[in-house]
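# Structural overview for review
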Amino acid sequence: MDGQCVVCGDRPVRSRFFNIRFEKCPICSSIYLDEESLVEFIQASLDNPGSFRGFPEHEGALEGVSTIRCRECNQMMVHENFTPGRMEICVHRCLDCRQILLYPVDLFLLNRVLQKEKMRIFQDALSGP
Ligand SMILES: [Zn+2]
Ligand SMILES: [Zn+2]
């Protein structure tokens, strides 16, 4: 993938979380990846005690941009639910090339969902079968 961050115009850099490769904007923290990588990213977050460090910490500075175009093919991205397992997260997705943009506020909310899910797994483990 190439080109500027569609959220803030800076240039995303290659990054990785365990074996998952993606691009991350150094300024606004947006993450660019495909659907498969997103699922792996979520799985790795749940499987590992060390969390991804790139989540935005405050919801505040994350004003929404209603129209976001795909960085890859310039189509309008849709904002829709993505439901791995029983979690429900929201992502920006290109219907044409299946690229996914985790906009800062998407990341913020994803982090919250992941923390909640981790807590649930932990509690399930404690209470046993
Ligand atoms: Zn950016
Ligand atoms: Zn696209």
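Our structure is the block above this text.
Notes on the structure follow. Computed from a prediction, not measured in an experiment: that's the story for all the values here. (Residues numbered from 1 in each chain as written. Chains lettered and ligands numbered in written order. Predicted model: local features only at pLDDT ≥ 70, side-chain atom pairs only at ≥ 80, totals over all residues.)

## Looking at the overall build of the chain
Our working definition: Under the scheme used here, helices are H or I runs from DSSP no shorter than 4 residues and strands are E runs no shorter than 2 residues, and both carry numbers assigned from the N terminus. Restricting the calculation to C-alpha atoms gives the radius of gyration, and the globule rule supplies 2.2 Å times the number of residues raised to the power 0.38. Partly exposed residues are those whose C-beta has more than 12 but fewer than 20 other C-beta atoms within 10 Å; 20 or more makes a residue buried and 12 or fewer makes it exposed, with C-beta atoms placed from the backbone. By the convention adopted here, residues make contact when the C-beta atoms placed from their backbones lie within 7 Å.
Assigned secondary structure in the chain consists of 2 helices and 6 strands. Ordered by position from N to C terminus, the α and β elements of the chain give β-β-β-α-β-β-β-α. Computed over its C-alpha atoms, the radius of gyration of the chain comes to 15 Å, within 12% of the 14 Å expected for a compact globule of 129 residues. Seen through its principal axes, the chain has C-alpha atoms that stretch 50 × 30 × 25 Å. Looking at the chain as a whole, 27% of its 129 residues are labelled buried. In the chain, the share of contacts with a sequence separation of at least 24, taken over all contacts with a separation of at least 6, comes to 47%.

## With respect to helix H2 (residues 104–127)
Counted only if it meets this: One fewer than the residue count of a helix, multiplied by 1.5 Å, yields its expected span.
When the terminal C-alpha atoms of H2 are compared, their 35 Å separation across 24 residues agrees well with the 34 Å that a helix rising 1.5 Å per residue should span. Within H2, burial applies to Pro-104, Asp-106, Leu-107, Leu-109 and Leu-110. Along its buried surface, H2 packs onto strand S3 (31–34), strand S5 (89–93) and strand S6 (99–102). In the segment just after H2, Gly-128 is the residue with positive phi, at about 70°.

## Some remarks on the pairing of strand S2 (residues 20–24)
This is how it is decided: Two strands pair if DSSP finds at least two bridges between them.
For strand S1 (residues 13–17) and S2, the ladder comprises 5 bridges, and the chain directions are antiparallel. Bridging from a neighbouring strand, Val-13 pairs with Lys-24 of S2. Once S1 ends, the chain turns through 2 residues before running back antiparallel as S2, passing Phe-18 with a positive phi of about 55°. Two strands pair when backbone bridges link them, and S2 and S3 are joined in this way by 2 bridges, in the antiparallel orientation. By the bridge assignment, Lys-24 is partnered in S3 with Ile-31. Hairpin connection between S2 and S3: a loop of 6 residues separates the two successive antiparallel strands, and Ser-29 in this loop has a positive phi of roughly 75°.

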